[in-house]
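# Observations on chain architecture
Each chain, written out:
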Amino acid sequence: MAEQEAEQGMEEVLDYNEGEQGVEQMEAAADVGDAAQAEAGQAADSNAPAEQAAAQDKPADEAEAKEEQAKDAAPKSLDPMAQPPHGTEVYMANLAMDATDDHIRDFCEKMGPVYQLRIPKNPDGRNRGYGFVVYKTKAAAENAVQHLNAQELPDFPGRKVRVNESQVKNRLYMGNLPRSMTQHQLEAALKEELQGVEDIELMMDKENPELNRGFGFITFYNYACAEVARRKYTENERTLGGRPLTVTWAEPKKEEDTSKVKAIYVGNLPETVTEEKLRDLFKAYGEVSNYSSSVSDRCSSSW
């Protein structure tokens, strides 16, 4: 039963919403992360022009995967609460490969103080065309996305950089929880031993409100706090209420595209409902072009 509940929870998390700064704080940490990224990119051609073209076309998701490698390779002993909060990191692409860290820092600091740069390097010391910038405040990061995107580094005219919000994780999924555990009990258990917990959401059973569904989600102050918690619960088997916990990253919620939905089903209608009442009810969402009903207490409408 415990395995079935954990498996059910894992399926739910794929459709449920959900990170922030890496655990690294010093240049040495960035160097370690860059080394991991260099190993992942050994397949790149050593020919400079070809390498530059490949770097400029590097997709964001690949860069983010390298980002995670850098974070995992970083020191674990730094205080996560001393690092900036979630929402302060931006991803930069289409960088001129001859641009140095100083060029990039000067460009980014127009929007606010920079906490950290993570700019992967090639063996020849040049950047790989993309990187990550961590600001000290959310406002500075938001300004960077708004005002630096499609701008040029002063010393490298003709090349417009891309600046986007970095998709950094700060949310964990926790499964195989005791079904009888309450929200208050879970909060007390987790906040006693974890740093930076901002929100705990225990998923309750809709059919039996006295029980939970065996899983929940924990939102942290930043990536560093979440990573410390993840390692704490995965590197050593932890139990809660006598049950071994399942802890992993929560995945972002997948947004459904409803732009192509043209018809909906409405059921359990009272016998007194009329077409006019239904049209009047749904007109706030668009013009109803077609309406059909049946004696079996249901109808469908089209837009």
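Presented here is a report on the structure given in the accompanying data block.

To continue, consider the overall build of the protein chain. Looking only at helices and strands, one finds nine helices and 13 strands in the protein chain. Surface summary for the protein chain: the accessible area is close to 16,500 Å², and the carbon and sulfur share equals 48%.

The next point concerns the sheet that holds strand β10 (residues 246-249). Overall, antiparallel pairing links the four strands, which are arranged β6-β7-β5-β10 in an open sheet. In this open sheet, the two edge strands, each paired with only one partner strand, are β6 (197-204) and β10. Shown here is a sheet whose adjacent strand axes are inclined to one another by a mean of 20 degrees, direction ignored. As judged from the five bridges shared by strand β5 (residues 171-175) and strand β7 (residues 212-220), these two strands associate in the antiparallel manner. Across the sheet, residue L172 finds its bridge partner in β7, namely I218.

With that settled, consider the nonpolar core. Counting 22 residues, the largest nonpolar core has M174, L186, L190 and F220 as its most contacted members. Mapped onto this core, the elements with two or more residues apiece are β5, α7 (183-191), β6, β7, α8 (223-234) and β10. Per-element accounting of this core gives the leading share, five residues, to α8.

For N94, which is not glycine, the phi dihedral falls at a positive 65 degrees. Located in the positive-phi region is N176, a residue other than glycine, with phi close to 65 degrees. Relative to the helices and strands, N176 is located in the loop between β5 and α7.

The strands that make up a sheet pair up through hydrogen bonds in the backbone, lying either parallel or antiparallel. Taking strand neighbours across the sheet as the criterion, the four strands line up as β2-β3-β1-β4 in an open arrangement whose pairing is antiparallel. Each end of this open sheet is capped by a strand with a single partner; those strands are β2 (114-118) and β4 (162-165). Neighbouring strand axes in the sheet, compared pairwise and without regard to direction, differ in orientation by 25 degrees on average. Of the pairings in the sheet, the one linking strand β1 (residues 89-93) to β4 comprises four bridges and is antiparallel in character. If you follow V90 over to β4, its bridge partner there is E165. Packed on one face of the sheet, helix α5 (residues 101-108) meets β1, β2 and β3 (130-135) and runs near 140 degrees to β2.

A few words on the pattern of salt bridges. Tallied over the entire structure, the rule returns twelve salt bridges. The salt bridge partner of E89 is R118, with a shortest N-O separation of 3.3 Å. Here E89, found in strand β1, pairs with R118, found in strand β2; they are 29 residues apart in sequence, far enough to count as distant. Taking the relative accessible area as the measure of exposure, E89 reaches 2% and is therefore buried. A relative accessible area of 3% means that R118 is categorised as buried. A salt bridge links R230 to E227; the nearest nitrogen and oxygen atoms lie 2.8 Å apart. Linking R230 with E227, this pair stays in helix α8, spanning three residues, or about one helical turn. The same class applies to R230 and to E227, which are both buried. One connected set of salt bridges, linked through shared partners, spans E227, R230, R231 and E235.

Here the focus is the side chain of T219. Take T219: it is sitting in strand β7. What makes T219 buried here is its relative accessible area of 16%. Contacts of T219, omitting those with residues within four sequence positions, involve N170, R171, G196, V197, E198 and D199.

Before going further, it helps to spend a moment on the environment of Y115. In this fold, Y115 is placed in strand β2. Among the residues examined, Y115 registers a relative accessible area of 19% and is labelled buried. The sequence separation of Y115 and T137 amounts to 22 residues, and the corresponding C-alpha distance is 8.9 Å.

It is worth spelling out the packing of aromatic side chains at this point. Here the structure, examined in full by the defined rule, presents six aromatic pairs. When the ring of Y91 is compared with that of Y130, the centres are 6.4 Å apart and the planes differ by 50 degrees; the resulting orientation is tilted. Within this pair, whereas Y91 is found in strand β1, its partner Y130 is found in strand β3, the two being separated by 39 residues in sequence. Y130 matches Y91 in its accessibility class, with the two residues each being buried. Ring centres of Y223 and W249 lie 5.4 Å apart, and the angle between their planes is 15 degrees; this geometry places the pair in the stacked category. Of this pair, Y223 sits in helix α8 while W249 sits in strand β10, and the two are 26 residues apart along the sequence. With a relative accessible area of 0%, Y223 lands in the buried category. When its relative accessible area of 13% is taken as the criterion, W249 is described as buried. Among the aromatic residues, those joined into a ring-pair cluster are Y91, Y130 and F132. Here the guanidinium or amino end of R238 rests over the ring plane of Y233, the centre of that ring lying 5.0 Å away.

Parameters and conventions
- Residues numbered from 1 in each chain as written.
- Predicted model: local features only at pLDDT ≥ 70, side-chain atom pairs only at ≥ 80, totals over all residues.
- Heavy atoms only, no water.
- Helix = DSSP H or I, 4+ residues; strand = E, 2+ residues; numbered from the N terminus.
- Areas by Shrake-Rupley, 256 points an atom, 1.4 Å probe, with all protein chains shown as cover.
- Pairing = 2+ DSSP bridges.
- Axes fitted to C-alpha atoms, helices over the stretch in contact; angles between N-to-C directions.
- Core = buried A, V, L, I, M, F, W, Y, C linked by side-chain atoms within 4.5 Å.
- Buried < 20%, exposed > 50% of the residue type's maximum accessible area, 1.4 Å probe, protein only.
- Contact = heavy atoms within 4.5 Å.
- Salt bridge = Lys/Arg side-chain N within 4 Å of Asp/Glu carboxyl O.
- Phe/Tyr/Trp six-rings, centres within 6.5 Å; stacked < 30°, edge-to-face > 60°.
- Lys NZ or Arg CZ within 6 Å of the ring centre and 35° of its normal.

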